[in-house]
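Letter by letter, the chains look like this.
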Amino acid sequence: PVVGAAAAIPGVAGVPLMVAGLEHDLRRVRLVELAQASDRLDPASAQLLASLLRQERLGREAVTLLRTVQRRHPGDVWVNHDLARMLEGESPLE
């Protein structure tokens, strides 16, 4: 009903889509900000964040995050595993 009413008003029909797009952009920015603060993340949180970055097609940021965490926790099997899987999918030019 509200969407229908907004759609009936000229110039308002695209507003919900625009807001959704902004929310998506803000989410991507926030994920990148979190990745840049990787020195405060434990390995499990970093892995979860890397997965979210990949879902947002921010693979380069995910790899950078996991590389940073891997340097701090070189013996963490799962960080090494996830980093290897992500690097496996990269092209040689990336």
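Residues numbered from 1 in each chain as written. Predicted model: local features only at pLDDT ≥ 70, side-chain atom pairs only at ≥ 80, totals over all residues. Heavy atoms only, no water.

(A) Examining the overall build of the protein more closely. Helix and strand counts for the protein come out as five helices and zero strands. Starting at the N terminus and walking to the C terminus, you meet the elements of the protein as α-α-α-α-α. In the protein, which comprises 94 residues, the proportion classed as buried is 23%. Of all intrachain contacts in the protein linking residues separated by at least 6 positions in sequence, the fraction that spans at least 24 positions is 43%. As presented, the protein carries roughly 6,700 Å² of accessible surface, and 61% of it is formed by carbon and sulfur atoms. (Helix = DSSP H or I, 4+ residues; strand = E, 2+ residues; numbered from the N terminus. Buried < 20%, exposed > 50% of the residue type's maximum accessible area, 1.4 Å probe, protein only. Contact = heavy atoms within 4.5 Å. Areas by Shrake-Rupley, 256 points an atom, 1.4 Å probe, with all protein chains shown as cover.)

(B) Main features of the packing of helix 4 (residues 59-72) against helix 5 (residues 77-88). The N-to-C vectors of helix 4 and helix 5 enclose an angle of 150°; their axes lie 10 Å apart at closest approach. Relative to helix 5, the crossing made by helix 4 is left-handed. Residues Ala 62, Val 63, Leu 66, Arg 67, Val 69 and Gln 70 of helix 4 touch helix 5, and the partners they reach there are Val 79, Asn 80, Asp 82, Leu 83, Met 86 and Leu 87. Within the contact of helix 4 with helix 5, the residues separate by chemical class into eight nonpolar, two polar and two charged. (Axes fitted to C-alpha atoms, helices over the stretch in contact; angles between N-to-C directions. Left-handed = near helix turned anticlockwise from the far one by under 90°. Nonpolar A, V, L, I, M, F, W, Y, C, P; charged D, E, K, R; others polar.)

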